[in-house]
Amino acid sequence: MNLPVFYEKRDIVTPGDLLADDDYETGENTYKEDGKIYATRVGLVEYEGHRVFVVALKAFYVPSVGDMVIGKIIELGLGSWLVDIGAPYPGVLRASDVFNRPFRPQRDDMPHVLDVGDMVKAKIVAYDRTRAPLLTVREPDLGKIERGQIVEVTPTKIPRIIGRKGSMITMLKQETNCQITVGQNGVVHVRGRSPEDEQLAVIAIHKIEEEAHTSGLTDRVTQMVRKEKGGVVNVSKEA
Amino acid sequence: MSQKKPEKLIDKDGVRLDGRGFNELRPTKIEVGVLANADGSAYIEQGKNKILAAVYGPKEAHPKHLAMPDRALLRCRYHMAPFSVEERKSPAPSRRDIELSKVITEALEPAVFVEYYPRTSIDTFIEILQADGGTRCASITVASLALADAGIPMRGLVAACAAGKVEGRLVLDLTDVEDKEGEADLPLAWMPNLNAITLLQMDGSLTIDEFEQAVNMAVEGCKQVSELQKETLKAKYVAVKEEVEE
């Protein structure tokens, strides 16, 4: 069955653009009023069966339980840290979680373990809109980031950096010899053997972010990385 | 910007001081994403008006007692730079600045899904770099683009435009002189998709008939502004797409 639509698939739409009539269901970044479906964000429109949704080109991170995020410590509280995870609400990381035993205020030196400005990898264990998201570092590969580089991108472009079944990220790791961790909140941690390797990965990630809404991206990025690797590494390219 | 009152604001052929017809907008140029440090931003030049808007948020509301348990707090700050007008304006917020901040907030709030992000605040800063009449309308136009650029979910963009009466004729998009010397000024903000008016003010006097005509005229102006807004928002991404996919 062909339902009437107002745009081609993957067209760019702006907030308030009429996407479809009543016979569709509203998906992400859309809303229904008076039987008509409109976009709420700038993005690419998609029609899938009876559902219409918009893949946003720019959005902020909204926490979701189970997400791995990378954040920065912004405040030390009594028995907990506040972590900026790029969401509307700061994350809470409990001291008892970090020490893995009950917190003893007289003996435990919190700033010694994690201080303001430190970057941490954490997982969201609880979140609803009435309370701040609760974080944990009690899993392998989580905790304080000791070295490497941090790249921030719009969270909606994270799927593009990972690629279909991880194709993009696998390619990037291979080509640049870097360990790359992608936080769902749009923060990427790059760790390589040399600063040049890291720089190359950073440039590639910026390119992916900028051209996320175009097709044939993995091939173009592969080409770019290979070219940069062959020649002189242009460190100054990154503003 | 000479502020001497000219002999006539509209000549006998219906041409205005700046060469426009009675229902023409001033030449308008808009850009989005002009500031790297704000979450969203936009810049507009409408005639001699130059206005910059920046958006931060949604983020934790400060001071905390202003946070609302069921929705986000939308705050707008309209501010005129000291050099924006002919006589230096004190940078402290004037009575007028505070009033305009309030009406702009109220014109934008119906467009934003504030109920999605309880306990947070969305802060919009509107800086008038150069003023030549109709800044509240241009501010609404540019602030709604900055909100969209920040990725804040919206029911639609808000476009704004003024109509008024100058030397007995109804005209669109008044300049500063036309506003001051004319008989009436009627700023209006409009949401194209919902056909909703979010701001309607008037000073001066109009008959009921003239008022109706002026409202329709302003809505027509808003339509043009809204087309321009959409083009601007898309332009940034279309350019990248064309560049790499040719």
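Above this text you will find the structure in question.
Residues numbered from 1 in each chain as written. Chains lettered and ligands numbered in written order. Predicted model: local features only at pLDDT ≥ 70, side-chain atom pairs only at ≥ 80, totals over all residues. Heavy atoms only, no water.

Engineer: Sorry if this is basic, but what is going on with the packing of aromatic side chains here?
Structural biologist: Applying the stated criterion across every chain, the model contains 10 aromatic pairs over all chains. Here Tyr56 of chain B and Phe125 of chain B contribute two aromatic rings whose centre-to-centre distance is 6.1 Å and whose plane-to-plane angle is 80 degrees, an arrangement assigned as edge-to-face. With Tyr56 of chain B in strand β3 (residues 49-60) and Phe125 of chain B in strand β5 (residues 120-130), this pair connects stretches of sequence that are 69 residues apart. What makes Tyr56 of chain B partly exposed here is its relative accessible area of 31%. Linked through ring pairs, Tyr31, Tyr38 and Phe60 of chain A together with Phe113, Tyr116 and Tyr117 of chain B together constitute an aromatic cluster. Over the ring of Phe60 of chain A we find Arg41 of chain A; its NZ or CZ atom is 5.3 Å from the centre of that ring. Of note, Arg155 of chain B hangs over the ring of Phe113 of chain B, and the distance from its end group to the ring centre comes to 4.3 Å. (Phe/Tyr/Trp six-rings, centres within 6.5 Å; stacked < 30°, edge-to-face > 60°. Helix = DSSP H or I, 4+ residues; strand = E, 2+ residues; numbered from the N terminus. Buried < 20%, exposed > 50% of the residue type's maximum accessible area, 1.4 Å probe, protein only. Lys NZ or Arg CZ within 6 Å of the ring centre and 35° of its normal.)

Engineer: Even after reading the chapter, I still don't get the interface of chain B and chain A, so can you show me in this structure?
Structural biologist: Reports of interface size often rely on the accessible area that becomes lost once the parts have come together. Residue-level contacts link 33 residues of chain B with 32 residues of chain A. For the chain B and chain A pair, buried surface summed over both sides reaches about 2800 Å², with 59% attributable to carbon and sulfur atoms. Put simply, chain B and chain A have 2 salt bridges between them. Across the pair Lys58 of chain A and Asp149 of chain B runs a salt bridge, and its minimum N-O distance is 3.7 Å. Put simply, chain B and chain A have 12 residue pairs in polar contact (both at pLDDT 80 or more) between them. Among the residues forming the side of chain B that touches chain A, the class breakdown is 17 nonpolar, 5 polar and 11 charged. (Contact = heavy atoms within 4.5 Å. Buried area = accessible area lost by both parts, 1.4 Å probe. Salt bridge = Lys/Arg side-chain N within 4 Å of Asp/Glu carboxyl O. Polar contact = N/O pair within 3.5 Å; in protein donor to acceptor, adjacent residues only side chain to side chain. Nonpolar A, V, L, I, M, F, W, Y, C, P; charged D, E, K, R; others polar.)

Engineer: I tried to follow the nonpolar core on my own but got confused; where do I start?
Structural biologist: General note: in soluble globular proteins, nonpolar side chains tend to be found buried as a group. Trp81 of chain A together with Leu108, Ile140 and Leu147 of chain B are the most contacted members of the largest nonpolar core, which has 73 residues in total. Broken down by element, the residue count for this core peaks at 9 residues, all from helix α2 (residues 135-149) of chain B. The residues contacting Ile140 of chain B, other than those within four sequence positions of it, are Ile104, Ala107, Leu108, Val158, Ala160, Ala189 and Leu199 of chain B. In this structure, Ile169, Ile180, Val182 and Val190 of chain A belong to the second largest nonpolar core, which totals 24 residues. (Core = buried A, V, L, I, M, F, W, Y, C linked by side-chain atoms within 4.5 Å.)

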